[in-house]
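What follows is each chain in one-letter form.
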Amino acid sequence: MKKAHRIINIIAWGILAAAFIHLCFKWGSMPEITGVHFDDEGEFDVYASKKYVAYPYIVGIVFLLLLQLGDIAARKAKLGLKTNAKGESIFRDAIRGLLGLNKLFISGMAAYWSELVIYQHSLTERAVMCGMLLLFVAFLTVCISAPILKIIFPQ
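Residues numbered from 1 in each chain as written. Predicted model: local features only at pLDDT ≥ 70, side-chain atom pairs only at ≥ 80, totals over all residues. Heavy atoms only, no water.

### As for the packing of aromatic side chains
Quick reminder of the rule: Classification of ring pairs uses Phe, Tyr and Trp, with its six-membered ring standing for Trp, and accepts pairs whose centres are within 6.5 Å; under 30 degrees between planes counts as stacked, over 60 as edge-to-face, and the remaining range as tilted. Put simply, DSSP H or I for four residues or longer makes a helix, DSSP E for two residues or longer makes a strand, and each gets a number counted from the N terminus. Here the term buried applies to any residue with accessible area under 20% of the maximum for its type, exposed to any over 50%, and partly exposed to those in between, with areas from a 1.4 Å probe on protein chains only.
Per the counting criterion, the structure on display carries 4 aromatic pairs. Judged by centre distance (5.3 Å) and plane angle (80°), the rings of Phe20 and Tyr57 are edge-to-face. Here the residue Phe20 occupies a position in helix 1 (residues 2-26), and Tyr57 occupies one in helix 2 (residues 55-76), the gap between them amounting to 37 residues. Overall, the relative accessible area of 42% leaves Phe20 in the partly exposed class. A ring pair is formed by Phe44 and Tyr47, whose centres lie 6.2 Å apart and whose planes are at 50°; its orientation type is tilted.

Here's what the structure looks like:
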């Protein structure tokens, strides 16, 4: 599982880096004043300097770092799950998997947001909702797994 978590980290940071490199190539062709924020219907409602396109990267980096701290905590903290070592290991991996999915979602959303600003396209809610639904199902799965693991792997 350690390798899978490492691969997820590389992919998440890679998505963010690739989107930033793409922004660097497109920077010169972008107008100085550009749409940078979306309203409830996915249309731009705030126009500002193109420098604000850096905002998704700042948000992405901050959240990826926070999720990494959560990953470190999930590896080291006492979980309090009344199960044997095997059950606790499975639950730890489930939590880390959920954090990994969040990393992929955050980096994907930052890249998507940046691309929309670069090309001045409207936000499509479908893409966001699908990712959020996947994260919600993963969260419920982790929550439901705790009592099941306590039964399968008693202390």
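### What about the pairing of strand 2 (residues 44-49)?
So the rule is basically this: DSSP calls a pair of strands paired once it identifies at least 2 bridges connecting them.
Judged from the 5 bridges that link them, strand 1 (residues 33-38) and strand 2 form a sheet pairing that is antiparallel. Opposite His37, over in strand 2, you have Val46 as the bridge partner. Taking the residues that link successive antiparallel strands as the turn, the strand 1-strand 2 hairpin has 5 residues, and the phi of Gly42 there is positive, at about 85°.

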